[in-house]
Amino acid sequence: MGQKLYEAIKLIFNFAEELQRNRSDIEKLQQEMRELTAAMQRLIYEVQRAQDKEAHEREKLALRLEIELLRSGRELPPNPEEEH
């Protein structure tokens, strides 16, 4: 009887230690997940900013091309900055 009680107490103690380790591991994983989520949000924001900037640059280039085409067809006066 004493041996069985000892084994049961030992088993409970081992379970308690394992439970504590699991809780600690879960807390670490949750922190890592929060950090990863924050990093992903920053990355998404930066990608969106880069896409917006590229879209604006394409729009500016298209407008410059349109202006130059209109100038070459003499529908617009020449650029005064280019005359000097």
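In this text the structure is predicted, and so the values were computed from the model without any measurement.

Chemist: How would you summarise the pattern of salt bridges if you had to cite specific residues and measurements?
Modeler: Applying the stated criterion across every chain, the model contains three salt bridges. With its nearest N and O atoms 3.7 Å apart, the salt bridge here joins Glu 46 to Arg 49. On the criterion of helical spacing, the pair formed by Glu 46 and Arg 49 is a turn pair, its members being three residues apart in helix 1 (residues 2-72). Taking the relative accessible area as the measure of exposure, Arg 49 reaches 47% and is therefore partly exposed. A salt bridge links Lys 60 to Glu 57; its shortest N-O distance comes to 3.2 Å. Note that Lys 60 and Glu 57 are positioned in helix 1 at a spacing of three residues, about one turn of the helix.

Chemist: Explain the environment of Asp 52 to me, and be specific about the residues and the numbers.
Modeler: Tracing the sequence through the fold places Asp 52 in helix 1. In this structure Asp 52 comes out as partly exposed when scored by relative accessible area, which is 36%. Spatially, the C-alpha atoms of Asp 52 and Glu 68 are 24 Å apart, while their sequence positions differ by 16 residues.

Conventions used here
Per-chain numbering applies: the sequence of each chain, read as written, is numbered from 1 onward. Local features in this predicted model are restricted to residues of pLDDT 70 or higher, and side-chain atom pairs are both shown and tallied only at a pLDDT of 80 or more, whereas totals for entire chains, interfaces and linings draw on every residue. In computing side-chain properties, one takes all heavy atoms of the structure into account and sets aside hydrogens as well as water. Every case where a carboxyl oxygen of Asp or Glu lies within 4 Å of a side-chain nitrogen of Lys or Arg is listed as a salt bridge. A run of H or I in DSSP counts as a helix once it spans at least four residues, and a run of E counts as a strand once it spans at least two, with each numbered from the N terminus. We call a residue buried when its accessible area falls under 20% of the maximum for its residue type, exposed when it is over 50%, and partly exposed in between, using a 1.4 Å probe and counting protein chains only.

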